[in-house]
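# Structure at a glance
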Amino acid sequence: MAKVIAIFNQKGGVGKTTTNVNLSACVANKGKKVCVIDIDPQGNTTSGFGVDKTQLEYSIYDLMIDEVNIRKIIIQTEYENIDLIPSSSELAGAEIELVSTNDRERKLRKAINEIRGDYDYIFVDCPPSLGLLTINSLSAVDSVLIPIQCEYYALEGVSQLMNTIQLVKQSLNPSLEVQGVVLSMFDGRTNLSIQVVDEVKNYFKGKVYTTIIPRNVRLAEAPSHGQPIIYYDNKSKGAEAYLELAEEFIELEEDVI
Ligand code: ADP
Ligand code: MG
């Protein structure tokens, strides 16, 4: 049965999508069967795997709003061991359309439960908001992986984030856990980055991954080529870091089980 993990931080631009695309590609590269779910209307995970959002027969919108069967929506990416449930721009309207539907917080959970047996890991890329798409994601998953950018105000909003996780735990998903915290966009030349690492480790205690993702221009370039970093430039610092993170992630996860 797949472990289902949301990549979540309500702040935008902290490295959620970059972590989703590259961690899932690296975990798949280690021989795990992975499904990636893009529930962000921006669809950056979808294009990050080289899938054209304008040419889709179905997207996650059809699952959330019209209850089209999840198996009809899954597409195989060109990368080994990775399937994708793509997003489309229509999804932007779904937040409002969902309000008047039945069991509106649990639609994604129901759908994911149908495919849990097919994968080792399912990763969900959340939008940078606390609307119904995010609530659906947090209700559907076993745990949350939180990327934090090594920048000023890194911890700003973190108490709200932990609050949201707590609320969902109390009302919709009692077994929701924090999988881990990934520090991203680290710049070793600045004292600031080093300070942020200390602060975040202090706040999250043992939950922070030892592997830190550096700021690396190849990571920023790869999405425009529709490629995860290990296929775009597997010698880059970014590729090395995400491969190391995948190893650490799998090791910790498989120890737990
Ligand atoms: P989010 O999904 O949280 O909004 P993204 O993953 O889209 O954040 O990252 C925001 C921007 O920063 C993107 O343009 C992305 O390419 C870039 N980026 C993310 N991580 C890195 C990194 N480690 N090094 C360089 N650029 C990065
Ligand atoms: Mg994103």
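Residues numbered from 1 in each chain as written. Chains lettered and ligands numbered in written order. Predicted model: local features only at pLDDT ≥ 70, side-chain atom pairs only at ≥ 80, totals over all residues.

- Where an unreviewed UniProt entry is consulted, the chain appears under the name Sporulation initiation inhibitor protein Soj, with the organism given as Anaerovirgula multivorans.
- On record in UniProt, under Subunit (unreviewed entry), the comment for the chain is "Dimerizes in the presence of ATP but not ADP; ATP-binding is required for double-stranded (ds)DNA-binding. Interacts with DnaA."
- In the Catalytic activity (unreviewed entry) part of its UniProt record, the chain is described as follows: "ATP + H2O = ADP + phosphate + H(+)". (UniProt positions renumbered as here; feature names shortened; annotations may be inferred.)

### Details of the pairing of strand β5 (residues 121–125)
- Most of β5 is tucked away: 5 of the 5 residues are buried.
- Residues of β5 alternate between two faces, with Tyr-121, Phe-123 and Asp-125 on one and Ile-122 and Val-124 on the opposite face, all of them buried.
- As defined by bridge partners, strand β1 (residues 3–7) adjoins β5 across 5 bridges and the pair is classed as parallel. Within β5, the position partnered with Ile-7 by the bridge is Asp-125.
- Bridge count between strand β2 (residues 34–38) and β5: 5 bridges; the pairing is parallel. When the sheet's bridge partners are listed, Cys-35 is paired in β5 with Ile-122. (Buried ≥ 20, exposed ≤ 12 C-beta atoms within 10 Å, placed from the backbone. Helix = DSSP H or I, 4+ residues; strand = E, 2+ residues; numbered from the N terminus. Pairing = 2+ DSSP bridges.)

### A few points about the UniProt feature "domain: AAA" (unreviewed entry) in the chain
- As recorded in UniProt, the feature "domain: AAA" (unreviewed entry) lies at residues 2–178.
- Across residues 2–178 one finds 38% helix and 17% strand; the C-alpha atoms that close the span lie 17 Å apart.

### Regarding the site of ligand 1
- Near ligand 1 you find 17 residues, and of these Lys-16, Thr-17, Thr-18, Leu-219 and Ala-220 are the closest.
- Elements supplying a minimum of two residues to the shell around ligand 1: α1 (16–29) and α10 (217–221).
- A total of 3 residues in the shell around ligand 1 trace back to one element, the largest contributor, which is α1.
- Residue composition of the shell around ligand 1, by class: 7 nonpolar, 8 polar and 2 charged. (Near = placed C-beta within 6 Å. Nonpolar A, V, L, I, M, F, W, Y, C, P; charged D, E, K, R; others polar.)

### Quick look at the pairing of strand β4 (residues 82–85)
- Alternating positions in β4 separate into two faces, Ile-82 and Leu-84 on one and Asp-83 and Ile-85 on the other, with burial throughout.
- Taken together, the 4 bridges between β2 and β4 define a ladder with parallel strand orientation. Looking across to β4, one finds that Ile-37 is bridged to Ile-85.
- Direction of pairing for strand β3 (residues 75–76) relative to β4: antiparallel, over a ladder of 2 bridges. Along β4, the bridge assignment pairs Gln-76 with Asp-83.

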